[in-house]
Amino acid sequence: MAFQAFLIALIIFVGKADYFVGTAMLGRPLVLGMLVGIALGDVSQGVIIGFQLELVFMGMQAIGASIPPDMIVGSVLGTAFAISTGNGIDTAVTIAMPAAILSAFVVNLFYGVITPLMARMADKFAAEDNDKGISAVFLASGFLFDVTFGVIGFVAFMFGGDAVSAFVASIPAWLTAGITIATGILPALGFAQLVTMIASKETAVFLLLGFVLAAYLGVPVLGIVCFAVVIVGILFMAHIFMPSQGSALMTEGEDDNEF
């Protein structure tokens, strides 16, 4: 049990490692679910649960000073307890969202207390023209951040297994049903947020085409992707062989880019 808890902490550390390696998508639920499945000896279930949680957390992004629920801690602990208790995706979602929200409070606390102290140290080194000191501060801040949540994951999994099992068993059926319904809504909300970032007059027709293919013609996702690849190829060849027309279209798009 202690070794598994250590692996869970290590997976959370790896998920938070964007502070070291940049945005490498290591913290996505699909990746974390697979790693948790490997650690707990059920890879297929880990991938399945990770995929479901990927849909739940897809549209959750930090905007300005707004910190969303912690996708990494929520995904790891949700998948870990779902596999260890054998209750599947319902348990994963039931645990993932509260864990993610509670972890977000810790993130806010870290940003409000530790980060300003580290920033002052970095400013001091910058005034001294000490680039190595600045690098050390940033690396130390990222390492401390990762270790903090790794410890949280270790403690939660090490001492919370029986408590979580009892908690899940005591959850009323109506609450579980409500969470399941909310989980079904969250992916749509996430996709809607993503669409608002890319929607324009130039792309609206393609979004409409994808919707028509899926909703009315029953074309599967892979088929829609194939349609998209063909359309991109046609537009690319049109731009190569008719550069003047392509440039004119691009100019018009730049002049009227608002949706």
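Quantities reported herein were computed from a predicted structural model and do not represent experimental measurements.

Undergrad: Looking at this structure, how should I read the packing of aromatic side chains?
TA: Two aromatic rings, taken as a pair, are described by how far apart their centres are and by the angle between their planes. One pass over the structure, following the stated rule, counts 4 aromatic pairs. With a centroid separation of 5.5 Å and an interplanar angle of 35°, the aromatic rings of F81 and F157 are classed as tilted. Placement of F81 in helix α5 (residues 71-85) and of F157 in helix α7 (residues 131-170) is noted, with a sequence separation of 76 residues between them. Among the residues examined, F157 registers a relative accessible area of 2% and is labelled buried. An angle of 80° between the planes, with centres 6.1 Å apart, marks the rings of F211 and Y216 as edge-to-face. If you follow K16 out to its NZ or CZ, it ends over the ring of F149, 4.4 Å from the centre.

Undergrad: Can you walk me through helix α3 (residues 29-40) in this structure?
TA: Along an α-helix, a turn takes 3.6 residues, which lines up residues three or four apart on a common side. The terminal C-alpha atoms of α3, which comprises 12 residues, lie 16 Å apart, in line with the 16 Å expected from a rise of 1.5 Å per residue. Within the span of α3, buried status applies to P29, L32, G33, V36, G37, A39 and L40. Along the axis of α3, the buried positions cluster into a sector of 160°, meaning they face one direction only. Just past α3, the residue G41 takes up positive phi, approximately 80°.

Undergrad: Please clarify how the packing of helix α1 (residues 2-15) against α3 should be interpreted in this entry.
TA: Helix packing for two helices is described by the angle between their axes and how far apart those axes are. Contact pair α1 / α3: the axes reach a minimum separation of 10 Å and the direction vectors enclose 160°. Classified by the angle between their axes, α1 and α3 sit roughly antiparallel to one another. Note that α1 runs across α3; the crossing there is right-handed. Residues Q4, L7, I8, I11 and G15 of α1 form the contact with α3, whose participating residues are L32, L35, V36, A39 and L40. Partitioned by chemical class, the residues of the contact of α1 with α3 number 8 nonpolar, 2 polar and no charged.

Undergrad: Explain the nonpolar core here, please?
TA: Nonpolar side chains in soluble globular proteins generally cluster together in the buried interior. In terms of nonpolar packing, the biggest core is built from 33 residues, with I8, I12, V36, F57, V76 and F157 touching the most fellow members. Sorting the residues of this core by element identifies α1, α3, α4 (43-57), α5, α6 (89-127) and α7 as the ones contributing at least two each. Top contributing element to this core by residue count: α5, with 9 residues. Discounting chain neighbours no more than four positions away, the residues touching I8 are V36, V76, L77, A80, G153 and F157.

Undergrad: I keep staring at unusual backbone geometry and nothing clicks. Help me out?
TA: Backbone geometry at D129 places phi at a positive 55°, although glycine is not the residue there. Looking at the element boundaries, D129 is found in the loop between α6 and α7. What makes D129 exposed here is its relative accessible area of 70%.

The rules behind the values
Residues numbered from 1 in each chain as written. Predicted model: local features only at pLDDT ≥ 70, side-chain atom pairs only at ≥ 80, totals over all residues. Heavy atoms only, no water. Phe/Tyr/Trp six-rings, centres within 6.5 Å; stacked < 30°, edge-to-face > 60°. Helix = DSSP H or I, 4+ residues; strand = E, 2+ residues; numbered from the N terminus. Buried < 20%, exposed > 50% of the residue type's maximum accessible area, 1.4 Å probe, protein only. Lys NZ or Arg CZ within 6 Å of the ring centre and 35° of its normal. Expected span 1.5 Å × (residues − 1). Arc of directions from axis to C-beta. Axes fitted to C-alpha atoms, helices over the stretch in contact; angles between N-to-C directions. Parallel < 35°, antiparallel > 145°, perpendicular 65-115°, else oblique. Left-handed = near helix turned anticlockwise from the far one by under 90°. Contact = heavy atoms within 4.5 Å. Nonpolar A, V, L, I, M, F, W, Y, C, P; charged D, E, K, R; others polar. Core = buried A, V, L, I, M, F, W, Y, C linked by side-chain atoms within 4.5 Å.

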